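# Coordinate analysis (summary)
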Amino acid sequence: MDRLTNTIRPYAWGSTTAIPTLLGVEPTGEPQAEMWMGAHPGAPSRLDRGTGETTLSDVIAAGPERELGAAAVAKFGPQLPFLLKILAAGAPLSLQVHPDLAQAKEGYADEERRGVPIDAGHRNYKDANHKPELICALTPFDGLCGFRPPLEAAELLAGLGVDSLEPYVDLLRAHPEEAALREVLTAVLTADRAEMARTVTEAAAAAERLGGPYKPYASLVHDYPGDPGVIAAMLLNHVRLQPGEAMFLGAGIPHAYLDGLGVELMANSDNVLRCGLTPKHVDVPELLKIVKFEPSDPGVLRPEASPEGEEVYETPIDEFRLSRFLLAPGGAPQVLADGPPQILLCTAGSPQAGELALRPGESVFVPAGEKVELSGSGTIFRATVVV
């Protein structure tokens, strides 16, 4: 078992206080958006096995079956297939969707064939993998996830009383659901930018005045004035997670995180197609291929407790599995049987993983086949794979 040293990413939307508060350190005054735990090449975790610090990605590359186990290597290849994060949103992230595995492979191959540089601003596919993800709230956490029913979206837009939104309201009321959502999102993202900026300004002012169900959307314009994503966001469900609740985001589901601190677990990919709330490139034709234009329930997940005390967040994919242990003072140790590779993350209290004492924000990598005993008191999240 290895204690990990992890990188904090300073994206502009990050909170300046949430991660420092969790870690018990002084804020720097700069945004601290995500702390990465894993072997992603963008910022792999670091560890020291007595011969100096190295990266987890290099350790795995030197002995994939030793670190990951033969079953995981056979199923996912010689790499850790997930990335674990602490995510701290102080401002809204971009409205976005992720491709499924077939779409990612096709899109990546196409851009490689056309010679689009991997770091180009207009590149859509950074790799050939899909990016399902799960966010579990550590504090109250606001987000947007999945389309509202079109008639419900129509009522929300109509309630703003903005004349330039009426054509969208009519479309949402007049067409079958999938066609309605496709036509309105397309119209919003391809509208004249100057006209749309005026519409967004009027809509935001009305949302500010009305409050209630409009409040989450009113705040968007402060970070993204004139952005068509403000209107696109009103087509989506607003979700507020309470601590311990989670949300799974599958392929094609438009979503955005707005505010809060959470544990995020995802497949090892950077593939994002943006719909708005961003200064970055929005490829509307490619986006429309990926988005699932169907209303969906956000599906708030609550952990299911096992007899062994492990609380599991069930998801329909195998690249990752998230669970947590709530260790009570004086309780019996929890023994994790030898199995797939895992990362253990402490988010509260002062538990121990084997002989390693953990504080909030600290994590360890456990190679495949190694048994671990959790003791003490606190909360530990467990990220592993299904083999």
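Scroll up a little and you will see the structure.
Residues numbered from 1 in each chain as written. Predicted model: local features only at pLDDT ≥ 70, side-chain atom pairs only at ≥ 80, totals over all residues. Heavy atoms only, no water.

### Considering the pairing of strand 12 (residues 255-267)
The criterion, for reference: Each residue's exposure class comes from its accessible area (1.4 Å probe, protein chains only) as a fraction of the maximum for that residue type: buried when under 20%, exposed when over 50%, partly exposed otherwise. Where helices and strands are cited, they refer to DSSP runs of H or I of at least four residues and of E of at least two residues respectively, numbered from the N terminus. In this analysis, strands are considered paired if DSSP registers two or more bridges between them.
The buried fraction of strand 12 amounts to twelve of the 13 residues, a majority that puts the element mostly inside the structure. Bridging between strand 8 (residues 133-137) and strand 12 involves five bridges; their strand directions are antiparallel. Counterpart to A137 in the pairing with strand 12 is G262. Inspection of the sheet shows strand 9 (residues 141-147) paired to strand 12 by four bridges, in the antiparallel sense. Bridge assignment links C145 to a residue of strand 12, and that residue is H255.

### A word on the sheet that holds strand 18 (residues 334-336)
Sheet strands pair via backbone hydrogen bonds, and the direction of the pair is either parallel or antiparallel. One open sheet holds the four strands; their spatial order is 18-23-20-21, and the pairing between them is antiparallel. On the outer flanks of this sheet lie strand 18 and strand 21 (356-357), each paired with one strand and no other. For strand 18 and strand 23 (residues 372-375), the ladder comprises three bridges, and the chain directions are antiparallel. For L336, the partnering residue across the bridge sits in strand 23 and is V372.

### What about the pattern of salt bridges?
Oppositely charged side chains can pair when the atoms bearing their charge come close. Heads up, the rule is: Throughout this description, the term salt bridge denotes a Lys or Arg side-chain nitrogen within 4 Å of a carboxyl oxygen of Asp or Glu.
The full count for this structure, using the stated rule, is 20 salt bridges. Linking R3 and E362 is a salt bridge whose minimum nitrogen-to-oxygen distance equals 3.2 Å. One end of the pair, R3, is in strand 1 (residues 2-3); the other, E362, is in the loop between strand 21 and strand 22 (363-366), with 359 residues separating them in the sequence. With a closest N to O distance of 3.0 Å, R123 and E112 form a salt bridge. A residue pair is termed long-range when its members are at least 10 positions apart, and R123 in the loop between helix 5 (101-113) and strand 8 and E112 in helix 5 qualify at eleven residues. With relative accessibility at 5%, the residue R123 sits in the buried group. Residue classification places E112 among the partly exposed residues on the basis of a relative accessible area of 40%. Overlapping salt bridges, with partners in common, bring together D2, R49, R66 and E67 in one network.

### Section: the nonpolar core
Test applied: As used in this record, nonpolar core signifies buried Ala, Val, Leu, Ile, Met, Phe, Trp, Tyr and Cys residues forming a set joined through side-chain atoms within 4.5 Å. Contacts between residues were defined by any pair of non-hydrogen atoms, one from each residue, lying within 4.5 Å.
Grouped together as the largest cluster of nonpolar side chains are 51 residues, with contacts concentrated most on F147, L157, L160, L165, L172 and L235. Look past the residues within four positions of L172 in its chain and what remains in contact with it is P150, L151, A153, A154, L157, A180, L181, V184 and L235.

### Here we look at the packing of aromatic side chains
Rule in force here: By convention, a stacked pair of Phe, Tyr or Trp rings (six-membered ring in the case of Trp) has centres within 6.5 Å and planes under 30 degrees apart, an edge-to-face pair has planes over 60 apart, and any other such pair is tilted.
This model, assessed by the stated rule, comprises three aromatic pairs. When the centroid spacing of 5.8 Å and the interplanar angle of 35° are considered together, the rings of Y11 and W13 count as tilted. Classification of Y11 as partly exposed rests on a relative accessible area of 27%. Under the relative-accessibility criterion, W13 is labelled buried at 15%. Seen from their ring centres, F147 and F293 are 5.7 Å apart, and the 20° between their planes marks the pair as stacked. On the criterion of sequence distance, the pair formed by F147 in strand 9 and F293 in the loop between helix 13 (284-290) and strand 14 (300-301) is long-range, its members being 146 residues apart.

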